[in-house]
Amino acid sequence: MNMRIGILSLQGDFAEHSHATLSAAYRLNTPCTIVHVRTKEQLEGLDGLIMPGGESTTMSKLLLRKGMFSEISKIPKILGTCAGAIMMAKKVEGAIPGQHFLSLMDIGVKRNAYGSQASSFQMRLKTSLGDVDATFIRAPLINFLGENVKPLAYAGENPVAAYEQVGNSHYLACAFHPELSTTLFHEFFLKLGSNEIAQQ
Ligand code: GLN
């Protein structure tokens, strides 16, 4: 089956996600079409959506202006990185007044908890999917995991990647930017919902 994966391309590092997704699909030998989503109509019929890093306050405004919130909530699997993960979280500390969230995943996040842009850092991480070089850019701290949420990686004591299945929907959140250094998270994402994952 040819999978249609949307990449929200309003703001943020969507080009890097496009590259990582195509590389992941090639590795898995899975046909995959990328849709650069800029309108509500382009959300229809997607098998999955990637919400990139960027700035969640801007993302919130653009999604509101384009009336995309309810359409995104219907998509069967979503990968959110950094600002994208903030948009997916049910609890957000440090939101600006009027900021809206999708509130799809039972995690709590604190925006900009690792400091300013200048405090951005990289570290080698052991994750459930393998070792990765993780880049944190004004990243959110994941400070709460609901009981059905599975952590996939920790930086010290803090979870930095997590997965939750809600009914037939699958949500994957990363505080860091896997698209910059690995295809492992995109491979995991592409497999979500397929029999291969269901049997694990
Ligand atoms: N600090 C940004 C926010 O709150 C996220 C940064 C990022 O996505 N790299 O939205």
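Everything below is about the structure printed above this text.
Residues numbered from 1 in each chain as written. Predicted model: local features only at pLDDT ≥ 70, side-chain atom pairs only at ≥ 80, totals over all residues. Heavy atoms only, no water.

Once that is clear, we can look at the packing of aromatic side chains. Scanning the model with the defined rule gives six aromatic pairs in all. Geometrically, the ring pair formed by Phe-136 and Phe-176 is tilted, given 5.7 Å between the ring centres and 50° between the ring planes. Residue Phe-136 is located in strand β8 (residues 130-136), and its partner Phe-176 is located in the loop between β12 (169-174) and α5 (184-191); the two are separated by 40 residues in the primary sequence. The same class applies to Phe-136 and to Phe-176, which are both buried. The interplanar angle of 85° and the centroid separation of 5.5 Å between the aromatic rings of Phe-176 and Phe-185 together place this pair among those described as edge-to-face. The ring of Phe-189 has Lys-77 lying over it, and the distance from NZ or CZ to the ring centre is 5.3 Å. (Phe/Tyr/Trp six-rings, centres within 6.5 Å; stacked < 30°, edge-to-face > 60°. Helix = DSSP H or I, 4+ residues; strand = E, 2+ residues; numbered from the N terminus. Buried < 20%, exposed > 50% of the residue type's maximum accessible area, 1.4 Å probe, protein only. Lys NZ or Arg CZ within 6 Å of the ring centre and 35° of its normal.)

What follows is about the nonpolar core. Formed by 61 residues in total, the largest nonpolar core has its most connected members in Leu-49, Met-51, Ile-72, Ile-78, Leu-125, Phe-136 and Phe-176. Tallying contributions element by element places helix α4 (residues 83-88) first for this core, with five residues. Ignoring anything within four residues of it in the chain, the contact list for Met-51 reads Leu-8, Met-59, Leu-63, Ile-72, Ile-78, Leu-79, Gly-80, Thr-81, Gly-84, Met-87 and Leu-102. (Core = buried A, V, L, I, M, F, W, Y, C linked by side-chain atoms within 4.5 Å. Contact = heavy atoms within 4.5 Å.)

Before going further, it helps to spend a moment on the side chain of Thr-127. Mapped onto the elements, Thr-127 comes out in strand β7 (residues 121-127). Side-chain polar atoms of Thr-127 contact the backbone nitrogen of Leu-129, separated by 2.9 Å. Among the polar contacts listed, one links the side chain of Thr-127 to the backbone oxygen of Gly-130, at a separation of 2.6 Å. Each residue touching Thr-127, except ones within four places of it in the same chain, is listed here: Val-132, Leu-152, Ala-153 and Phe-185. (Polar contact = N/O pair within 3.5 Å; in protein donor to acceptor, adjacent residues only side chain to side chain.)

Taken together, Gly-53, Gly-54, Glu-55, Ser-56, Cys-82, Ala-83, Ile-86, Arg-111, Asn-112, Ile-137, Arg-138 and His-177 make up the full set of residues adjacent to the ligand. Interatomic distance of 2.8 Å between a backbone N/O atom of Gly-54 and an oxygen atom of the ligand. Within the backbone of Ile-137, a nitrogen or oxygen atom sits 2.9 Å from a nitrogen atom of the ligand. (Near = heavy atom within 4 Å.)

Examined against the element boundaries, Glu-55 turns out to sit in the loop between β3 (48-51) and α2 (56-65). Classification of Glu-55 as buried rests on a relative accessible area of 16%. Of note is the side chain of Glu-55, whose polar atom sits 2.9 Å from the side chain of Arg-111. When residues no more than four places from it in sequence are discounted, the contact partners of Glu-55 are Gln-11, Ala-83, Arg-111 and Arg-138.

This part takes up α5. Helical geometry note: an α-helix holds 3.6 residues per turn, so side chains three or four residues apart project in the same direction. Burial of α5 is extensive: six of the eight residues sit out of reach of the surface. Listing the buried residues of α5 in full gives Phe-185, His-186, Glu-187, Phe-188, Phe-189 and Leu-190.

Both strand β1 (residues 3-8) and strand β2 (residues 32-37) contribute to a ladder of six bridges, which runs parallel. In the strand pairing of β2, Arg-4 is matched with Thr-33. Taken together, β1, helix α1 (residues 14-28) and β2 constitute a β-α-β crossover, and its handedness is right-handed. (Pairing = 2+ DSSP bridges. Right-handed = clockwise from strand over helix to strand, strands pointing away.)

We now examine the sheet that holds strand β6 (residues 105-110). Where strands meet in a sheet, backbone hydrogen bonds hold them as pairs that are either parallel or antiparallel. Taken in spatial order, the three strands make up an open sheet running β5-β6-β9, and their pairing is mixed. Each edge of the open sheet carries a strand with a single partner, namely β5 (89-93) and β9 (141-145). Strand-to-strand twist across the sheet, computed as the mean angle between neighbouring axes with direction ignored, equals 25°. Direction of pairing for β6 relative to β9: antiparallel, over a ladder of four bridges. Looking at β9, one finds that Gly-108 is bridged to Phe-144. (Axes fitted to C-alpha atoms, helices over the stretch in contact; angles between N-to-C directions.)

Positive phi is not limited to glycine here, since Asn-112 has a value of about 55°. Structurally, Asn-112 can be placed in the loop between β6 and β7. Positive phi, normally seen in glycine, also occurs at Arg-138, with a value near 45°. On the secondary structure map, Arg-138 appears in the loop between β8 and β9. Under the relative-accessibility criterion, Arg-138 is labelled partly exposed at 28%.

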